[in-house]
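# Examination of the molecular architecture
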Amino acid sequence: MRDRAAHIRYRRALMLMTMTLVVPGSAQLVAGNRQVGRFAMRTWMVAVTLLVLSIPAGLLWHEYVFWAASDTALLNLLRFVLMALAVGWAALLVDAWRLGQPLSLNLSHRRTVVGVNGILCFSVAGTLLFGAHIVGVQRDFILTMFSGSEVTSAHHGRFNVLLLGGDSGAGRWGLRPDSMTIASIDEETGRTVLVGLPRNMADFPFAKGSVMAKQFPKGFSCEGCYLNGVSTWAEDHTALFGKSKHPGVDATIMAIQGITGLKINYWAMVNLQGFRDLVDAVGGVTLRVRQPIPVGGLGSDVTGYIQPGLRKLDGHDVLWFARARDGSDDYSRMARQKCVMGAMLKQISPQTAVTNFEAIANASSAMISTNIPPSEVDRFISLALKARGQKVSTVSLVPPMVVTAHPDIPTIRTMVTTAIARAEGQTPEPQTQEAAPPATSEAPASTPADAGTPATDPTPAPDPTPAPPQVVTGGSVGNLSNGYAANQADDLGAAC
């Protein structure tokens, strides 16, 4: 009889803890403080209801998920709610153990009950606290990366985001961008056109009425003045830009708007060294390597090669694939960089992002500085996911179509509008934008060796057909004379 009573008490103790695990507060409602039990059960029901409603809402309305993942106030609230639930649920489990009268159990049963209760407490509290940690990481990521405050509207149905790539280092962040690309994104479909600008472009105008246009009314035509030097010039004359925190970026935008005629909504500065960590965080990127790509620098600095073939590269190799100079010109490098952009857009899935979330967040925070406001993050996430299922078009303002030493601005603007119109499935309309102020006819004292020769057709259209596979220069399909396929293509994936 005594053994039977002890067994009943043992089963009751386990049942109370199980009830608390499944429905928090139920044990208190049955055998303890009913007021505490009712409060706990109501809280649990509200949480379950919100979770159940959120799942179909997220499946049917993706924007809801993106908003929830980027609203810092909501994330902060959710973080504290998870922490409170962890503490409260663990306290209810401990109370359920107390209600099971452990001192009335025999020694073996008492040890089992203590062990089970400890496992449940640590499992429940640990899971909720880990969730709170992830939410905190997401909130810090949003606050750290997206620091802009001004929200801008789409221009003619498109958001134009300037992507700047540069090396980090002492006194070098944001100086002399190594690469400049405009991502022109359709505000409804996400269809993206990448417009690449060479760093060695010279003799170009600035946006009408801008600070830089007043300083260089005849264009940026001074000795040794190239597009990637605009930022340096602005950083040396910060007083002209008032309270701007990023005068170098602002001046570069003025130049790019003057060249392309596109209004820039936002910008993002990418630290190329931090880019390596991002690639590693997503598990690498698969790229088609068409010829050996040198690693390490120029000449005697080369330490090895990335061998040809369809290869999954880690962050170190992807970085050198994108920036290797040995045996390449600036324009073949631009083509390879476009291929990296297209591959990452296609290959980084939502599942990968969730699985490697914390590593991606940490790498991205160190990699990117941008003026995109936190309130716009959900919009661009949604557009990025839409863009994954579509072709990415590209047009680069490089030889042989553009003479970088003396660019023809009307021709450049026609190239840009033509590429965007093709991406939208439209027939390009005649250029209606106001012509840019004429650039000076004086040539810069020093011009890059690969500046190219004038195009025979004053208004050439990008050729979507890749060059023959056997024509490969600097790791990119094509050559300087005929152009590189990845620089001028309606489908970047096919050109890479």
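Everything that follows concerns the structure shown earlier in this document.
Residues numbered from 1 in each chain as written. Predicted model: local features only at pLDDT ≥ 70, side-chain atom pairs only at ≥ 80, totals over all residues. Heavy atoms only, no water.

## Description of the side chain of threonine 260
Rule in force here: Each helix corresponds to a stretch of at least 4 residues labelled H or I by DSSP, and each strand to a stretch of at least 2 residues labelled E; elements are numbered beginning at the N terminus. In this scheme, a residue with accessible area under 20% of its type's maximum is buried, one over 50% is exposed, and one in between is partly exposed, where area comes from a 1.4 Å probe on protein chains only. Here a polar contact is recorded for every N or O atom pair within 3.5 Å, except that within protein the pair must consist of a potential hydrogen donor and a potential acceptor, and residues adjacent in sequence are included only if both atoms are side-chain atoms.
Position of threonine 260 relative to the elements: it lies in helix α9 (residues 247-260). Looking at threonine 260, the relative accessible area reads 1%, which means it is buried. At 2.8 Å, the side chain of threonine 260 and the backbone oxygen of isoleucine 256 are in polar contact. At 3.2 Å, the side chain of threonine 260 forms a polar contact with the backbone nitrogen of leucine 262.

## A word on the sheet that holds strand β14 (residues 488-489)
Counted only if it meets this: Pairing between strands is defined by DSSP: at least two bridges between them are needed.
Reading across the sheet, the 7 strands line up as β9-β4-β1-β2-β3-β10-β14 and stay open at both edges, with mixed pairing between neighbours. Since the sheet does not close on itself, it has two edges, and those belong to β9 (368-370) and β14, each with one partner. Of the pairings in the sheet, the one linking strand β3 (residues 192-197) to strand β10 (residues 392-396) comprises 5 bridges and is parallel in character. Following the sheet pairing, threonine 192 is matched in β10 by valine 392.

## Some details on the pattern of salt bridges
Note on pairing: side chains with opposite charge can pair once their charged atoms come close. Stated formally: Each salt bridge in this description consists of a side-chain nitrogen of Lys or Arg and a carboxyl oxygen of Asp or Glu lying within 4 Å of one another.
The full count for this structure, using the stated rule, is 6 salt bridges. Among the ionic pairs, aspartate 186 bridges to arginine 158, the shortest N-O distance being 3.9 Å. Of this pair, aspartate 186 sits in strand β2 (residues 179-186) while arginine 158 sits in strand β1 (residues 158-166), and the two are 28 residues apart along the sequence. In this structure, aspartate 186 and arginine 158 share a single accessibility class: buried. Here aspartate 330 ties to arginine 199 by a salt bridge, and the two come within 3.2 Å at their closest N and O atoms. Of the two residues, aspartate 330 sits in helix α12 (residues 330-347) while arginine 199 sits in the loop between β3 and α7 (211-215), which places them 131 residues apart along the sequence. Through salt bridges with shared partners, one network takes in Arg158, Asp186 and Glu424.

## Some points on the sheet that holds strand β11 (residues 472-473)
Paired through their backbone hydrogen bonds, the strands of a sheet run either parallel or antiparallel. Overall, antiparallel pairing links the 3 strands, which are arranged β11-β12-β13 in an open sheet. Each of the sheet's edge strands pairs with one partner strand only, and the pair in question is β11 and β13 (483-484).

## Concerning the side chain of threonine 394
Cut-off, in case you're wondering: The contact criterion used is simple: two residues touch if any of their non-hydrogen atoms lie within 4.5 Å.
The topology assignment puts threonine 394 in strand β10. Side-chain polar atoms of threonine 394 contact the backbone oxygen of alanine 486, separated by 3.4 Å. Excluding its chain neighbours within four sequence positions, the residues that come into contact with threonine 394 are Leu194, Lys338, Ala486, Asn487, Gln488, Ala489 and Leu492.

## Examining the nonpolar core
Note that soluble globular proteins tend to have their nonpolar side chains buried in a common cluster. Stated formally: For the purposes of this section, nonpolar cores are sets of buried Ala, Val, Leu, Ile, Met, Phe, Trp, Tyr and Cys residues that join through side-chain atoms within 4.5 Å.
Core analysis: the largest hydrophobic core is formed by 42 residues, its most contacted members being Phe204, Phe206, Met212, Leu227, Val230, Ile259 and Leu397. Where this core is concerned, the elements lending two or more residues are β1, β2, β3, α7, α8 (230-235), α9, β4 (266-271) and α16 (409-423). When near neighbours in sequence (up to four residues on either side) are disregarded, leucine 397 contacts Val195, Gly196, Leu197, Pro198, Met201, Ile259, Thr260, Val402, Thr404, Ile412, Met415 and Val416. Ranked by size, the runner-up nonpolar core spans 24 residues in total, among them Met145, Tyr266, Met334 and Val377.

## Looking at the packing of helix α5 (residues 72-99) against helix α6 (residues 107-145)
Filter applied, for reference: To get an axis, a line is fitted to the C-alpha atoms, and for a helix only the part in contact is used. The angle between two axes follows their N-to-C directions and goes from 0 to 180 degrees. Here is the rule for angles: anything less than 35 degrees is roughly parallel, anything more than 145 is roughly antiparallel, 65 through 115 is roughly perpendicular, and the remaining ranges are oblique.
The interhelical angle for the contact between α5 and α6, taken along N-to-C directions, is 175°, at an axis separation of 8 Å. What the angle tells us is that α5 and α6 run roughly antiparallel.

## Describing unusual backbone geometry
In this chain, proline 399 is followed by proline 400 through a cis amide linkage whose omega measures 5°. With respect to the helices and strands, proline 400 occurs in the loop between β10 and α16. Backbone geometry places histidine 156, a non-glycine residue, at a positive phi of 55°. Looking at the element boundaries, histidine 156 is found in the loop between α6 and β1. When its relative accessible area of 81% is taken as the criterion, histidine 156 is described as exposed. Positive phi is not limited to glycine here, since aspartate 203 has a value of about 60°.

## Remarks on the packing of helix α10 (residues 272-281) against helix α11 (residues 315-323)
In plain terms, the rule: Crossings are assigned a handedness: left-handed for a near helix turned anticlockwise from the far helix by less than a right angle, right-handed for a clockwise turn. Any residue outside Ala, Val, Leu, Ile, Met, Phe, Trp, Tyr, Cys, Pro, Asp, Glu, Lys and Arg is labelled polar, Gly included; the first ten of those are nonpolar and the last four are charged.
At a minimum axis separation of 7 Å, α10 and α11 run at an interaxial angle of 135°. In terms of their interaxial angle, α10 and α11 are classed as oblique. In the crossing of α10 with α11, the sense of the turn from one axis to the other is right-handed. Contacts between α10 and α11 involve Leu272, Gln273, Phe275, Arg276, Val279 and Asp280 on the former and, on the latter, Gly315, His316, Val318, Leu319 and Arg323. When grouped by side-chain class, the residues that make up the contact of α10 with α11 number 5 nonpolar, 3 polar and 3 charged.

## Section: the packing of aromatic side chains
For clarity, the cut-off: Note on aromatic contacts: the rings of Phe and Tyr and the six-membered ring of Trp form a pair at centre separations within 6.5 Å, being stacked when their planes are under 30 degrees apart, edge-to-face when over 60 apart, and tilted otherwise.
Summed over the entire model, instances satisfying the criterion amount to 9 aromatic pairs. Ring plane angle 65° and centroid distance 5.6 Å describe the contact between phenylalanine 204 and phenylalanine 206, whose orientation is recorded as edge-to-face. For phenylalanine 204, a relative accessible area of 0% corresponds to the buried category. Measuring from ring centre to ring centre gives 5.9 Å for phenylalanine 206 and phenylalanine 216, while their planes differ by 35°; the resulting arrangement is tilted.

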